[in-house]
Structures are given as C-alpha cells and as structure tokens.
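Architecture and fold: a report
As a plain string of letters, each chain reads:
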Amino acid sequence: MSALSAMPAAVPVSGGTDLMASVNSGQLRPAALVALGRISEIRGWEYQDGHALLGAGLTHARMGRPDFAALIPALAAAARAAGPPQVRNAGTLGGNIVSASPTGDTLPVLAALEAALLVAGPDGARREIPVSHLLTGMEMLRPAEIVGHVRVPLLHAPQTFLKATGRTGPGRALASAAVVLDPARRGVRCAIGAVAPMPLRPLEAERWVASLIDWEGRRELAPEALTAFGEYVAMACIPDPEPPEDGGEPPVLPPAALHVRRTVAALARRGLGRALA
C-alpha cells in the first residue's frame, strides 16, 4: 500500500492477463506497475462466519480444482471456463473483478451469490463493497486501494454456471449464466453475463420461478416452466426495441441480438434445470 500511496499513477498488477493485453494494444501506458503476485495473504482462502473469504490473488487454475469446486461449484466452473491454460494459470479473481470486462467469467457467479469485496486502502483503511456496486459503477476503487479479499456466502445448495462461446473450446463468452438456489430463503438467483457492460439480474423472473418450486418436496419443475423461465430471463436481458413515438412500424430486433437472446434463454433454462436436478 505504501508503494501505491507514493506513486498515485501506478497500476497494481497480479496476473496481468487483461492489463498486458491493453498495454500491447496501446490502450494503456501505465507510469509504473506495482506487483501483487507475491503477497501470500491474498492467494488462499479461509472460512469466516458462514462465508468463504477468498483472496483476490487466487488464480483461475487454483479455483478450478476439486477441493475448491466442493466449496463453491459455480465459481469453480467459471474459473475452468476462463480461457486456455496459460490464462487460467496467470489470471486472478481480483483481476477479473477490477477489470470488469463484460465477458469476465467469474462476474455473473459473484453477482448471483451476492458476494462482497473487502478493499484495503492506505494507512490500514478497510471497507466492504457489494460486488454489484462495483460492477455497475456505483462505487469504484479510490486511489491507492486494492481488492484484498472477496466474501462469498456458503449456501451449501445447488448452483451452476454455463457459458456459450462463438467457437469450440475456451473463448470469450457470447453469453453466460449463473443460477443459484437458496433454499433457506426459498429463492432463485440468476445472473447473465456478457450481454451488457455488467451482469444482469432478472429479478422478476427469479421471483416468478421461485414461487413455482416446491421447496419442501422434490424441487422439480415441468419442462414448460423451465422453458418459460428461460424466455422470461432472455426478454428481461434483451428486450424488444421500443416502438416509435409516431406510430410507425415497430423496429425489429437485429438477427445478432435475436441469436444472443435465444442463447440466453437456453443457458438460463439449462442452468436452472441442472440446479434443480
């Protein structure tokens, strides 16, 4: 923190997968870099009051291992989907969050889990920010602050992450979906990634489908209900264009957007179906 305080223009770097891509393309020319990779305190995780306290330096490769998958399955699935091995070995959880790329694979999972960031600042200052606030631009990091840890509720309940790419194998998401069941609150949480600047939470669709689930029984839904949920989510995330004020012909959704809407519907439907199963 003293290095960042002494050099306000310096950029913290851990894995550097997004940062170096920006440097190589000429979009970023940092005056200095402050390496975080050797800070051991942010490279592991621990349990704290029903939560997992995840270090921001955790790599995608580490989060993809079986022991982590047993802890937070959807986040492990997202980490395993985050590009080729060289990216997973270097890229970190904190970097994925701070970069806030629309296609960041961990972001919809953290949004669906309603995680929070623990931010460290100069002179030992500490504060907590809901992940949703950072991703929507409501509250960004201040000078000389870094994300130290991410606090994730341990629900011990089914959760899934699915991703569609434009090609076979690892790649940037065309769309992604995280679905989390919360039996204690009789709720369903869904977050859609890559279709907007930040993950989208279709709250009305969540409440509607949660009301259909028999939380005391087998938690099954008919195929028609799963299909309706997928379409509800997709329409909420990619709505039809607004009709013109002059009463002319209503605009048509472009074919590319229609394809993404269908993809979102399929991901949400399958994600919920797998969680319920």
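All values derive from a computational prediction rather than experimental measurement.

1. Let's talk about the packing of helix 11 (residues 223-237) against helix 12 (residues 255-276)
- For the pair helix 11 and helix 12, interaxial distance at closest approach is 7 Å and the crossing angle is 135 degrees. Judged by the angle between their axes, helix 11 and helix 12 are oblique. Both helix 11 and helix 12 take part in a crossing whose hand is right-handed. Counting all contacts with helix 11, which are made through Leu226, Thr227, Phe229, Gly230, Glu231, Val233, Ala234 and Met235, the residues of helix 12 involved are Arg261, Val264, Ala265, Ala268, Arg269, Leu272, Gly273 and Leu276.

2. Some remarks on the sheet that holds strand 6 (residues 126-130)
- Spatially, 3-4-7-5-6 is the arrangement adopted by the five strands of the open sheet, whose pairing is antiparallel. The open sheet terminates on both sides in strands that have one partner only, identified here as strand 3 (45-48) and strand 6. Taking each pair of neighbouring strands and ignoring which way they run, the sheet shows an average axis angle of 25 degrees.

3. So, the packing of aromatic side chains
- Within the structure shown, the criterion is met by two aromatic pairs.
- A ring pair is formed by tryptophan 45 and phenylalanine 68, whose centres lie 5.0 Å apart and whose planes are at 80 degrees; its orientation type is edge-to-face. Here the residue tryptophan 45 occupies a position in strand 3, and phenylalanine 68 occupies one in helix 4 (residues 66-69), the gap between them amounting to 23 residues.
- On the accessibility criterion, tryptophan 45 (24% relative accessible area) is partly exposed.
- Looking at phenylalanine 68, the relative accessible area reads 0%, which means it is buried.

4. Quick word on the packing of helix 5 (residues 73-80) against helix 8 (residues 106-113)
- Interhelical geometry of helix 5 versus helix 8 gives an angle of 170 degrees and a closest axis separation of 9 Å. Classified by the angle between their axes, helix 5 and helix 8 sit roughly antiparallel to one another. For the pair helix 5 and helix 8, the contacting residues are Ala74, Leu75 and Ala78 in the first and Thr106, Val109 and Leu110 in the second.
- Classifying every residue of the contact of helix 5 with helix 8 gives five nonpolar, one polar and no charged.

The rules behind the values
- Residues numbered from 1 in each chain as written.
- Predicted model: local features only at pLDDT ≥ 70, side-chain atom pairs only at ≥ 80, totals over all residues.
- Heavy atoms only, no water.
- Axes fitted to C-alpha atoms, helices over the stretch in contact; angles between N-to-C directions.
- Helix = DSSP H or I, 4+ residues; strand = E, 2+ residues; numbered from the N terminus.
- Parallel < 35°, antiparallel > 145°, perpendicular 65-115°, else oblique.
- Left-handed = near helix turned anticlockwise from the far one by under 90°.
- Contact = heavy atoms within 4.5 Å.
- Pairing = 2+ DSSP bridges.
- Phe/Tyr/Trp six-rings, centres within 6.5 Å; stacked < 30°, edge-to-face > 60°.
- Buried < 20%, exposed > 50% of the residue type's maximum accessible area, 1.4 Å probe, protein only.
- Nonpolar A, V, L, I, M, F, W, Y, C, P; charged D, E, K, R; others polar.

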